[in-house]
Amino acid sequence: MLSLLFTKGKLRVIRLNRFIQWIALFFGIGAIISTFSIPPDAPIGSFGRALSVLPNYLYWTLLILFLVSNRKLLNLSVIYKGVFWGVVASVLYYVALKDLLRILPVFSRMTPNGFSFILICYTPIALYYLMQKRGKAWALGFLSILVFVLLQDGRRAGVVLVMLSGLAVIYAAHLNWKNIIAFILVAVGLFFLLRTPVVKQSIAASSERVYNLLYESEKITTEDKSFLTRVAMVRKGLAIYDKYPYTGIGLNNFTNYSIPFDTNFEGSKFLAHKRHIQSTSSHNSYVVILAEGGLFLFIPFVVLIGMGVGFAFFRYFSMVPDVRPIYIGMTAMAVHFYFITAIVNVYAWFLIGLACAYRYRR
């Protein structure tokens with residue numbers, strides 16, 4: 001695998017010579033501190049739960065250190081090709097093969113949220129590869145397929161983020177009046193298309209959640225159970241932070257830890273599972289990191305994400321065009337982190353590692 005991801009050259013194991021590597025190292029140290037600082041009121045088994053995922057956190061730390069140390073040897077063309085075919089395989093598996101192949105133990109179950117997360121992270125890279133090989137028309141067609149699949153599956157955040165990041169790759173590689181006008185025309189055309197009765201009826205029939213997002217967005221903040229659950233989990237996470245601000249309650253313990261918090265807010269009556277709210281997923285990667293790891297884990301995590309997004313924002317037009325998709329995907333992922341718990345996920349950390357490595361590539 002290393003021979004595919006890297007060009008010919010002498011691999012370095014690890015060399016700490018960049019600031020972002022030290023941030024990654026502090027992230028790993030924060031994970032260790034959190035694991036061995038379980039609070040006394042934690043349920044029995046909390047240390048075991050934390051210890052079971054600690055190797056993942058340490059692996060991600062080492063991944064960033066390794067990729068940054070060997071950044072000059074990264075073979076971007078091979079990485080992009082692998083990502084493209086990985087996205088294609090993921091779509092085919094999720095749409096047509098997951099039910100057929102689930103009886104085989106080698107195929108793990110792909111959840112709707114997991115599928116959407118993969119597309120949010122890697123659609124920009126896949127589209128860039130396809131556009132370089134086949135042209136803009138093929139990339140637009142592939143993007144349309146991805147958005148349609150997510151729309152049919154009711155992935156609201158996925159539809160918005162994949163569409164925006166995909167259009168950014170296709171039209172914003174070189175900012176000029178032609179692309180600006182094309183983007184405006186596409187946006188206007190899409191706006192009127194969504195207002196046609198046929199499209200509205202089709203969306204209503206396929207996904208009530210997406211229909212409410214597009215046509216009845218005012219109800220989301222007061223009636224949508226998914227949104228209201230996220231509000232409740234933010235409140236729980238902040239309550240945990242107030243009690244254990246520095247080391248948190250231990251990795252992998254958010255759903256295992258109960259704490260009183262305010263559940264009286266507008267729309268809370270629609271939370272049918274309110275009595276089980278303590279065992280609900282955080283639905284928010286930032287909140288779960290803050291609650292489980294405290295500031296010792298949260299600060300380096302946010303710095304890692306912030307440095308990637310900041311680099312994309314301030315250096316977008318000066319960076320080499322073929323690395324822009326990495327940072328577009330990184331930005332979309334950073335936004336989606338607020339709506340999903342996807343920390344224990346190698347897909348996220350491989351993208352973060354690439355973003356860390358390529359900010360130092362000339």
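Here the structure is shown first, and the text comes after it.
Residues numbered from 1 in each chain as written. Predicted model: local features only at pLDDT ≥ 70, side-chain atom pairs only at ≥ 80, totals over all residues. Heavy atoms only, no water.

Caption draft 1: Looking closely at the environment of Tyr 122. Relative to the elements of secondary structure, Tyr 122 occurs in helix α5 (residues 112-134). With a relative accessible area of 6%, Tyr 122 lands in the buried category. Between the C-alpha atom of Tyr 122 and that of Met 330, which follows or precedes it by 208 residues, the distance is 8.8 Å. The residues contacting Tyr 122, other than those within four sequence positions of it, are Val 83, Val 87, Tyr 347, Phe 350 and Leu 351. (Helix = DSSP H or I, 4+ residues; strand = E, 2+ residues; numbered from the N terminus. Buried < 20%, exposed > 50% of the residue type's maximum accessible area, 1.4 Å probe, protein only. Contact = heavy atoms within 4.5 Å.)

Caption draft 2: Up close: helix α14 (residues 324-336). Between its terminal C-alpha atoms α14 stretches 18 Å, which fits the 18 Å expected from 13 residues at 1.5 Å a residue. Of all the positions in α14, only Arg 324, Pro 325, Ile 326, Tyr 327, Ile 328, Gly 329, Met 330, Ala 332, Met 333, Ala 334 and His 336 are classed as buried. (Expected span 1.5 Å × (residues − 1).)

Caption draft 3: Region of the structure containing the packing of aromatic side chains. Taken as a whole, this structure holds 21 aromatic pairs when the rule is applied. The interplanar angle of 90 degrees and the centroid separation of 6.0 Å between the aromatic rings of Tyr 286 and Phe 337 together place this pair among those described as edge-to-face. With Tyr 286 in helix α13 (residues 285-315) and Phe 337 in the loop between α14 and α15 (346-358), this pair connects stretches of sequence that are 51 residues apart. Across the pair, exposure class does not vary: Tyr 286 and Phe 337 are buried alike. Lying over the aromatic face of Trp 138, Arg 134 brings its terminal NZ or CZ to 5.4 Å of the ring centre. The aromatic ring of Phe 254 is capped on one face by Lys 236, whose charged end is 4.5 Å from the ring centroid. (Phe/Tyr/Trp six-rings, centres within 6.5 Å; stacked < 30°, edge-to-face > 60°. Lys NZ or Arg CZ within 6 Å of the ring centre and 35° of its normal.)

Caption draft 4: Focus on the nonpolar core. Among the nonpolar cores identified, the biggest contains 108 residues, and Tyr 57, Ile 326, Met 333 and Trp 349 are the most heavily contacted of them. Here this core gets 14 residues from one element, more than from any other, and that element is α5. (Core = buried A, V, L, I, M, F, W, Y, C linked by side-chain atoms within 4.5 Å.)

Caption draft 5: Seen up close, unusual backbone geometry. Even without being a glycine, Asn 252 presents a positive backbone phi close to 65 degrees. Judged by its relative accessible area of 27%, Asn 252 is partly exposed.

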